[in-house]
Amino acid sequence: MTDSGSTPVPRGGHGRFVTFEGGEGAGKTTLIRALVTELGQSGREVVVTREPGGTLLGGEIRRLLLSPDQHVEAVAELLLYGADRAQHLGEVVRPALARGAWVLCDRHVDSLVAYQAFGRGLDRVMVEQVNGWATGGLVPDRTLWLDVPVAEGLRRAGRERGPDRLEGAGLAFHERVREGFVVLAGEHASRFRRLDGTRAPGDVLADAKMALADLE
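Residues numbered from 1 in each chain as written. Predicted model: local features only at pLDDT ≥ 70, side-chain atom pairs only at ≥ 80, totals over all residues. Heavy atoms only, no water.

## Section: the nonpolar core
Filter applied, for reference: Residues grouped as a nonpolar core are buried Ala, Val, Leu, Ile, Met, Phe, Trp, Tyr and Cys residues, joined through side-chain atoms within 4.5 Å. Each residue gets one of three labels from its accessible area relative to the maximum for its type: buried under 20%, exposed over 50%, partly exposed in between, using a 1.4 Å probe on protein chains only. Contacts are residue-level and defined by heavy atoms, with any inter-residue pair within 4.5 Å sufficient.
By size, the foremost hydrophobic cluster in this structure holds 20 residues, and its most contacted members are Val127 and Phe181. Among residues more than four places away in sequence, those in contact with phenylalanine 181 are Glu21, Gly22, Gly23, Arg107, Asp110, Ser111, Ala114, Tyr115, Trp145 and Phe192. Listed in part, the 19 residues of the second largest apolar core include Ala26, Leu104, Leu144 and Leu146.

## Quick look at the pattern of salt bridges
Opposite charge on two side chains makes pairing possible when the charged atoms of those side chains draw close. Quick reminder of the rule: For salt bridges, the criterion is a side-chain nitrogen of Lys or Arg within 4 Å of an Asp or Glu carboxyl oxygen. In this text, helices come from DSSP runs of H or I with a minimum length of four residues, and strands from runs of E with a minimum of two, each type numbered from the N-terminal end.
Evaluation of the coordinates by the stated rule reveals 17 salt bridges. Of the charged contacts, one joins glutamate 45 and arginine 99 as a salt bridge, the two residues approaching to 2.8 Å between their closest N and O atoms. In this pair, glutamate 45 is assigned in the loop between helix H1 (28-40) and strand S2 (46-50) and arginine 99 in the loop between helix H3 (74-98) and strand S3 (102-106), connecting sequence segments 54 residues apart. On the basis of relative accessibility, which here comes to 36%, the residue glutamate 45 falls in the partly exposed class. Here arginine 191 makes a salt bridge to aspartate 110, at a shortest N to O gap of 2.8 Å. Taken together, the residues span a long stretch of sequence, with arginine 191 in the loop between helix H7 (171-187) and strand S5 (192-196) and aspartate 110 in helix H4 (residues 109-119) at a distance of 81 residues. Given a relative accessible area of 5%, arginine 191 falls into the buried group. Here the salt bridges share partners, and the residues they tie into one network are Glu21, Glu24 and Arg107.

## Concerning the packing of H4 against helix H5 (residues 124-135)
To keep it simple, the criterion reads: Axis definition: a line fitted to C-alpha atoms, over the contacting stretch in the case of helices. Angles run 0 to 180 degrees between N-to-C directions. Throughout, the term roughly parallel applies to angles under 35 degrees, roughly antiparallel to angles over 145, roughly perpendicular to angles from 65 to 115, and oblique to all others. Helix crossings are classified by the rotation of the near helix relative to the far one: an anticlockwise turn of less than a right angle makes the crossing left-handed, while a clockwise turn makes it right-handed. Gly is put with the polar residues, along with every residue not named as nonpolar or charged; the nonpolar set is Ala, Val, Leu, Ile, Met, Phe, Trp, Tyr, Cys and Pro, and the charged set is Asp, Glu, Lys and Arg.
In contact at an axis separation of 9 Å, H4 and H5 are set at 155 degrees when each is read in the N-to-C sense. When the axes of H4 and H5 are compared, the pair comes out roughly antiparallel. Crossing geometry of H4 relative to H5 is assigned as right-handed. Mapping the contact onto sequence places Val109, Leu112, Val113, Gln116, Ala117 and Phe118 in H4 and Arg124, Val127, Glu128, Val130, Asn131 and Thr135 in H5. For the contact of H4 with H5, a count of residues per class yields seven nonpolar, three polar and two charged.

## Description of the environment of glutamate 60
One can find glutamate 60 in helix H2 (residues 56-66). For the pair glutamate 60 and aspartate 84, spaced 24 residues apart in the sequence, the C-alpha separation amounts to 9.3 Å.

## Comments concerning the packing of aromatic side chains
Quick reminder of the rule: Geometry of aromatic contacts follows a simple scheme: Phe, Tyr and Trp rings, the Trp one being its six-membered ring, pair when their centres are within 6.5 Å, and the pair is stacked under 30 degrees between planes, edge-to-face over 60, tilted otherwise.
Considering all chains together, one arrives at three aromatic pairs under this definition. Residues tryptophan 145 and phenylalanine 181 carry aromatic rings whose centres are separated by 6.3 Å and whose planes lie at 25 degrees to one another, so their mutual orientation is stacked. Residue tryptophan 145 is located in strand S4 (residues 142-147), and its partner phenylalanine 181 is located in helix H7; the two are separated by 36 residues in the primary sequence. Relative accessible area serves as the criterion here: at 4%, tryptophan 145 is assigned to the buried category. Exposure remark for phenylalanine 181: the relative accessible area of 1% places this residue in the buried category. What links up through ring pairs into an aromatic cluster is the set Tyr115, Trp145, Phe173 and Phe181.

## A word on H7
We count it as follows: Helix span, expected: 1.5 Å multiplied by one less than the number of residues in the helix. The arc under discussion is defined with respect to the helix axis, by the directions toward the C-beta atoms.
End to end, H7 covers 25 Å across 17 residues, agreeing with the expected 24 Å (1.5 Å per residue, within 8%). Every buried residue of H7 is accounted for by Phe173, His174, Val177, Gly180, Phe181, Leu184 and Ala185. Down the axis, H7 shows its buried residues gathered within 135 degrees of arc, on one side only. Across from the buried face of H7, at angles greater than 90 degrees, the exposed residues are Ala172 and Gly186.

## Overview of unusual backbone geometry
Most of the time, phi is negative for any residue but glycine, and the peptide bond is trans. At the junction of glutamate 51 and proline 52, the peptide bond is cis and its omega measures out at -10 degrees in the coordinates. By secondary structure assignment, the location of proline 52 is in the loop between S2 and H2. Here the phi dihedral of arginine 107 falls at roughly 80 degrees; this positive angle occurs in a residue that is not glycine. Following the sequence through the fold, arginine 107 ends up in the loop between S3 and H4. Classification of arginine 107 by relative accessible area gives buried; the value is 13%.

See the structure below:
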């Protein structure tokens, strides 16, 4: 599914939906925190959220999906992510956009394709269908992809908090996930912006601000 084949859902106000993608340890959380400060200085309402886990229901789904002790079949994993996304968009994202807020979301539809289709090897058409059902056609205004070498990202993630179920999936899995993001960035060039996640945090923030400048 490409951007040209998706129909953005009309919304009121001047809300913007910005998603942040990347492999494990890419630095998404650090960048989002910095952008909140920058955007907040202009008086905007900024809503920070994540998938999975941006709602009460999503929090329970996230706990199950990331527990290193939990075995989840690949198709069940796909459907759980879809359920989280449908609830999250209905409960958090759409209402915020309707009132004109900027929504900064840590992971969204592209992670599902990168992790489930490329990483797990599920049929991509099926994965895209789940995304379509869950989003109802809502497309992010911009997607910032923080790209770091896979081994470095896994080192960062493990050093910070210990590996969860996805972080412990192995180097080959995460290399396939990164390749998925490479493919998606090419397919959705008007929406994606690649940021070099190995740069200093201040430099990544400056790059992100440039990547969002046309949404002002």
